[in-house]
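Residue strings, one per chain:
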Amino acid sequence: MNTSEPRPPRSLAADWVEGRLSAQDAEHAARLAGSDPDFRAEAEFVREVLAAGQVMPLVEPPPVLRQRLRQSFQQWHRAPSSRVSQLLEVVASLVFDSHRQQLGLATRGAAATMRGPARHLVYRCELADLMVEARVDEDADQVDLRGQVLLSHDTGSPIFTAEVLCPDRATLSVDADAVGRFSVLAPRGATELRVSNGEMTIIAELDLQTEES
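Computed from a prediction, not measured in an experiment: that's the story for all the values here.

**What to know about helix H2 (residues 23–35)**
Here H2 spans 19 Å end to end across 13 residues, near enough to the 18 Å set by a 1.5 Å rise per residue. Among all positions in H2, only Asp25, Ala29 and Ala33 are buried. When H2 is viewed along its axis, its buried side chains cluster within an angular range of 80° and face the same direction. Exposed and facing more than 90 degrees away from the buried side of H2 are Ala23, Arg31, Gly34 and Ser35.

This is the structure we're talking about:
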């Protein structure tokens, strides 16, 4: 005699369609499918969901998303006493500005095919060099920032997300790759760029209102 608790209709239908029931329960589900329109509809719904999942294309998540998930899993896998409670933050100094020095500098790894004049900025701190290419979109009143973090030592993840801060809002990048490149659309009024790999944050002051000479 089967003394198990009755399953909800959809749970029973899913187990039946996917072949997870015992012979006795499967026979019971088959009888329900023949006599109960509601159960039959649930079973058909499960079949449609499974069929849709088989034809749905799988999209590879961007590196920045994979990194965030991996870091979250690693953090919560650690004992509470060993979890990182605060990121290391370092302020980087501006050492080169092409608008001021009137020199051409191609940002390593950044796209060089974008239209319009570019401004190149290089920041430096003890952890890394931060290279940024800024191109203004006059119509949208935004600046396309593309850059790369060049770590001084092979420590920590090379994938960095970028966040641009304004007095009234923040903008976060959605793409980054395994060689430290990132891109983010920044308002002209942005005052700070923060790049982080989940272990350290590099902070760079921005002045995107500076006019070309």
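**Some thoughts on the pattern of salt bridges**
Once the charged atoms of two side chains with opposite charge are near each other, the side chains can pair. Tallying each qualifying case throughout the model produces eleven salt bridges. Arg47 is the partner of Glu44 in a salt bridge, and the nearest nitrogen-oxygen pair spans 3.8 Å. Highlighted residues: Glu44 and Arg47, both in helix H3 (residues 37–55), separated by three residues, approximately one helical turn. The salt bridge involving Arg135 is made with Glu133; its shortest N-O contact spans 3.4 Å. Both residues of the pair, Arg135 and Glu133, belong to the buried class. If you follow the salt bridges from partner to partner, you end up with Asp15, Glu18 and Arg20 in one network.

**Some words on the sheet that holds strand E7 (residues 170–172)**
Here we have five strands laid out as an open sheet, ordered E1-E11-E10-E6-E7, and mixed in their pairing. This sheet does not close on itself; its edge strands, each paired only once, are strand E1 (88–91) and E7. Shown here is a sheet whose adjacent strand axes are inclined to one another by a mean of 20°, direction ignored. Taken together, the five bridges between strand E6 (residues 161–165) and strand E10 (residues 192–196) define a ladder with antiparallel strand orientation. For Val164, the partnering residue across the bridge sits in E10 and is Leu193.

**What about the packing of H2 against H3?**
Look at H2 against H3: their axes get within 6 Å of each other, and the N-to-C directions meet at 110°. One way to sum up the angle between H2 and H3 is to call them roughly perpendicular. The segment H2 lies against H3, with Ala29, Leu32, Ala33, Gly34 and Ser35 engaging Pro37, Phe39 and Arg40. The residue makeup of the contact of H2 with H3, split by class, is five nonpolar, two polar and one charged.

**Here's the deal with the nonpolar core**
Grouped together as the largest cluster of nonpolar side chains are 28 residues, with contacts concentrated most on Leu130, Leu145, Leu193, Val195 and Leu206. Broken down by secondary-structure element, the contributors of at least two residues to this core are strand E3 (118–124), strand E4 (128–137), strand E5 (142–151), E6, strand E9 (181–187), E10 and strand E11 (200–205). For this core, the element with the highest residue contribution is E4, accounting for four residues. When neighbours within four sequence positions are excluded, Leu206 is seen to be in contact with Leu121, Tyr123, Leu145, Val164, Ala190, Thr191, Glu192 and Leu193. In terms of nonpolar packing, the next biggest core, distinct from the first, is built from nine residues, Leu12, Ala13, Ala29 and Ala33 among them.

**Description of the sheet that holds E3**
The antiparallel open sheet is built from six strands, whose spatial order is E2-E3-E4-E5-E9-E8. Strands at the two margins of the open sheet, each flanked by one partner only, are strand E2 (93–97) and strand E8 (175–176). Relative to E4, E3 runs antiparallel, the two being bridged by seven bridges. Considered in E4, the bridge of Arg119 is made with Ala134.

The rules behind each value
Residues numbered from 1 in each chain as written. Predicted model: local features only at pLDDT ≥ 70, side-chain atom pairs only at ≥ 80, totals over all residues. Heavy atoms only, no water. Helix = DSSP H or I, 4+ residues; strand = E, 2+ residues; numbered from the N terminus. Expected span 1.5 Å × (residues − 1). Buried < 20%, exposed > 50% of the residue type's maximum accessible area, 1.4 Å probe, protein only. Arc of directions from axis to C-beta. Salt bridge = Lys/Arg side-chain N within 4 Å of Asp/Glu carboxyl O. Pairing = 2+ DSSP bridges. Axes fitted to C-alpha atoms, helices over the stretch in contact; angles between N-to-C directions. Parallel < 35°, antiparallel > 145°, perpendicular 65-115°, else oblique. Contact = heavy atoms within 4.5 Å. Nonpolar A, V, L, I, M, F, W, Y, C, P; charged D, E, K, R; others polar. Core = buried A, V, L, I, M, F, W, Y, C linked by side-chain atoms within 4.5 Å.

It is worth stressing that arrangement in space is one thing and function is another; only the former is reported here.
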